[in-house]
Amino acid sequence: MKFEISDGAVEFSIKHVYVAGWTGRDKKAVDHHIEELSAIGIKPPSTVPLYYRVSNSLLTQRTAIEVLGTGTSGEVEPLLLQKGGKLWIGLASDHTDRELEAHSVAASKQICLKPCATTLWKYDDVKGHIDELLLSCSIKENGEWNTYQEGALSAIRPLTELISGASFGDNSA
């Protein structure tokens, strides 16, 4: 995959892709979310956070993806890539089949492509203000764009903590 960076472009051969779930910093909010999902039949995670390894072919830079049915949705997430000992940050979507999630969260993560942006930043250049970065995404409903998700990176666990839990190797996303 090719990404734009401040001084040109960089290519990555993606070998491993992990999706981290249940990553909120506020334990009470995470527990409440787990209870809400349990009420609709979704099994609680075995650990918090929980890492799902998905096929590396699911990461895509397509501007549109096809899904089966109407029960899917995405959420804007930080994308972390490692190459040559350097860490890069960008944006991606953990697009998931919400109906399948009731049967298997792991399977629901595997069924949809994971769109990602084409721009990356050096992690070292943003780490001093990483918690201030805002993530936002919109969805088109009834012909109008509406904010679907918006929040600061400070709402999720520190990215360095998530990285250490995912057993990242070089060329991981």
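Scroll up for the structure.
This is a predicted model, so every value here is computed, not measured. (Residues numbered from 1 in each chain as written. Predicted model: local features only at pLDDT ≥ 70, side-chain atom pairs only at ≥ 80, totals over all residues. Heavy atoms only, no water.)

## Looking at the overall build of the protein chain
Condition: Strands here mean DSSP runs of E at least two residues long; helices mean DSSP runs of H or I at least four residues long; both are numbered from the N terminus. Radius of gyration here uses only the C-alpha atoms, and the compact-globule reference equals 2.2 Å multiplied by the residue count raised to the power 0.38. Each residue is assigned to one of three classes by its accessible area relative to the maximum for its type, calculated with a 1.4 Å probe on protein chains only: buried under 20%, partly exposed between the two thresholds, exposed over 50%. Note on contacts: a residue pair qualifies if any of its non-hydrogen atoms lie within 4.5 Å across the two residues.
Looking only at helices and strands, one finds 5 helices and 13 strands in the protein chain. At 16 Å, the protein chain has a C-alpha radius of gyration in line with the 16 Å of a compact globule built from 173 residues. Here the C-alpha coordinates of the protein chain stretch approximately 50 × 35 × 30 Å along the principal axes. Evaluated residue by residue, the protein chain yields a buried proportion of 39% over its 173 residues. When contacts within the protein chain are restricted to residue pairs at least 6 apart in sequence, long-range pairs at least 24 apart make up 66% of them.

## Re the sheet that holds strand 11 (residues 121-122)
Two pairing modes exist for strands in a sheet, parallel and antiparallel, and in both the strands are linked by backbone hydrogen bonds. Worth spelling out the cut-off: Think of it this way: DSSP has to see at least two bridges between two strands before they count as a pair.
Read across the open sheet, the 3 strands follow the order 7-8-11; overall the sheet is antiparallel. Since the sheet does not close on itself, it has two edges, and those belong to strand 7 (76-83) and strand 11, each with one partner. Two strands pair when backbone bridges link them, and strand 8 (residues 86-93) and strand 11 are joined in this way by 2 bridges, in the antiparallel orientation. Within strand 11, the residue paired with Ile-89 across the bridge is Trp-121.

## Remarks on the pairing of strand 3 (residues 17-21)
With burial as the criterion, only one face of strand 3 is covered, namely that bearing Val-17, Val-19 and Gly-21; the residues Tyr-18 and Ala-20 on the opposite face remain uncovered. Bridging between strand 3 and strand 4 (residues 50-54) involves 5 bridges; their strand directions are antiparallel. Each residue of the ladder has a partner; that of Tyr-18, found in strand 4, is Arg-53.

## Section: the nonpolar core
This is how the line gets drawn: To qualify as a nonpolar core, a set must consist of buried Ala, Val, Leu, Ile, Met, Phe, Trp, Tyr and Cys residues joined through side-chain atoms within 4.5 Å.
One finds Phe-3, Phe-12, Trp-22, Leu-79, Leu-81 and Leu-120 to be the most contacted residues of the largest nonpolar core, which totals 25 residues. Sorting the residues of this core by element identifies strand 1 (2-5), strand 3, helix 1 (27-39), strand 4, strand 7 and strand 8 as the ones contributing at least two each. By size, the runner-up hydrophobic cluster in this structure holds 14 residues, among which are Ile-89, Leu-153, Leu-162 and Ile-163.

## Looking at the layout of surface pockets
Let me state the cut-off plainly: Throughout, the protein atoms alone are placed on a 1 Å grid, and a set of points is a cavity if a 1.4 Å probe fits but cannot get out or a pocket if it is open with protein on both sides within 12 Å along at least five of seven lines; lining residues have an atom within 4 Å of a point. Grid points are joined across faces, edges and corners, and a volume is the space filled by probe spheres set on the points.
Taken as a whole, the largest pocket holds about 890 Å³ of empty space. Along the wall of the largest pocket there are 31 residues; nearest its centre are Thr-23, His-33, Glu-75, Glu-77 and Gln-149. Taken together, the elements giving at least two residues each to the lining of the largest pocket come down to strand 3, helix 1, strand 7, helix 2 (98-101), helix 3 (105-110) and strand 13 (144-152). At 5 residues, strand 13 tops the list of elements feeding residues into the lining of the largest pocket.

## Here we look at the packing of aromatic side chains
Put simply, the rule reads: Working definition: rings of Phe, Tyr and Trp (its six-membered ring) pair if their centres are within 6.5 Å, and the pair is stacked with planes under 30 degrees apart, edge-to-face with planes over 60 apart, and tilted otherwise. We call a charge positioned above a ring when the Lys NZ or Arg CZ atom is no farther than 6 Å from the ring centre and deviates by at most 35 degrees from the ring normal.
Per the counting criterion, the structure on display carries 1 aromatic pair. For the ring pair Phe-3 and Phe-12, a centre distance of 5.6 Å and an interplane angle of 85 degrees mean the geometry is edge-to-face. Each of the two residues, Phe-3 as well as Phe-12, counts as buried. Positioned over the ring face of Phe-12 is Lys-83, at 5.4 Å from the centre of the ring.

## Some thoughts on the pattern of salt bridges
What counts is decided by this rule: Salt bridges are identified by distance alone: a Lys or Arg side-chain nitrogen within 4 Å of an Asp or Glu carboxyl oxygen.
The final tally for this structure, using the stated rule, is 8 salt bridges. Several salt bridges share partner residues, and in doing so they unite Glu-75, Arg-98 and Glu-101 into one network.

## Brief notes about empty space enclosed by the protein
To keep things clear, this is the line we draw: Note on residue classes: Ala, Val, Leu, Ile, Met, Phe, Trp, Tyr, Cys and Pro are nonpolar, Asp, Glu, Lys and Arg are charged, and everything else, Gly too, is polar.
Counted under the stated rule, the structure contains 1 cavity of 30 Å³ or more. Taken as a whole, the largest cavity spans an internal volume of roughly 390 Å³. Counting only elements with at least two residues in the lining of the largest cavity, the list comes to strand 3, strand 7, strand 8 and helix 5 (159-165). Here the residues of the lining of the largest cavity are counted per class, giving 17 nonpolar, 2 polar and 3 charged.

## Describing helix 1
Heads up, the condition is: Take the residue count of a helix, subtract one, and multiply by 1.5 Å to get its expected span. Arc definition: directions from the helix axis to the C-beta atoms. Think of a polar contact as two N or O atoms within 3.5 Å of one another; within protein, one of them needs to be a possible hydrogen donor and the other a possible acceptor, and neighboring residues in sequence only count if both atoms come from side chains.
For helix 1, which comprises 13 residues, the first-to-last C-alpha distance of 18 Å matches the rise-based estimate of 18 Å (1.5 Å per residue) to within 8%. Taken residue by residue, helix 1 has Val-30, Ile-34 and Leu-37 as its buried positions. Buried residues along helix 1 cover an arc of 65 degrees about the axis, so they all sit on one side. Seen from the buried face of helix 1, the exposed residues on the opposite side, beyond 90 degrees, are Lys-28, Glu-35 and Ala-39. The N-terminus of helix 1 is capped by Asp-26, whose side-chain oxygen sits 3.0 Å from the backbone nitrogen of Lys-28.

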